[in-house]
Amino acid sequence: MHELSIAMSLVDAVCEELPRLGNVSVRRVLLRVGPLAGVSSDALAFAFEVASDDSPIAGARLEIEQADGSDLEIAALEVVDGPADC
C-alpha cells in the first residue's frame, strides 16, 4: 500500500510549511490526483488520517480533487489563526 508512504510525505510537506505560515492550524488539505498517478483516493484518504494522527496537522481534512494525467499535487491548504483545538 504505497498510499501510506504518499500520505506520510504529504503530512511532512504540510508540516514543513507551518513555520512559514505562522501561528495557524490546518483545517483542510486539498490534493489534486490524476487517474494516471496510480493512487487510490480512498486508500490515500484513509492513510492520511493515520499519518496525520499525532502530528501538528492532526484533525485536518484531506479533500481529493480529480485532475488530469499523472498529476499528484497539493493544490491548497485551508488554515485558521491560532493553534489546533486538541
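See the structure printed just above.
Residues numbered from 1 in each chain as written. Predicted model: local features only at pLDDT ≥ 70, side-chain atom pairs only at ≥ 80, totals over all residues. Heavy atoms only, no water.

(A) Representation of helix α1 (residues 2–21) within the structure. Along its 20 residues, α1 runs 29 Å from first to last C-alpha, staying within 8% of the 28 Å computed at 1.5 Å per residue. Residues of α1 that are buried: E3, A7, L10, V11, V14, C15 and L18. Looking straight down α1, one finds its buried side chains confined to an arc of 135°; they lie on one side. Facing away from the buried side of α1 by more than 90 degrees, the exposed set consists of E16, P19 and R20. Contact partners of the buried residues in α1: β1 (24–33), α2 (41–52), β2 (61–66) and β3 (72–81). Immediately downstream of α1, the backbone of G22 shows phi near 90°, a positive value. (Helix = DSSP H or I, 4+ residues; strand = E, 2+ residues; numbered from the N terminus. Expected span 1.5 Å × (residues − 1). Buried < 20%, exposed > 50% of the residue type's maximum accessible area, 1.4 Å probe, protein only. Arc of directions from axis to C-beta. Contact = heavy atoms within 4.5 Å.)

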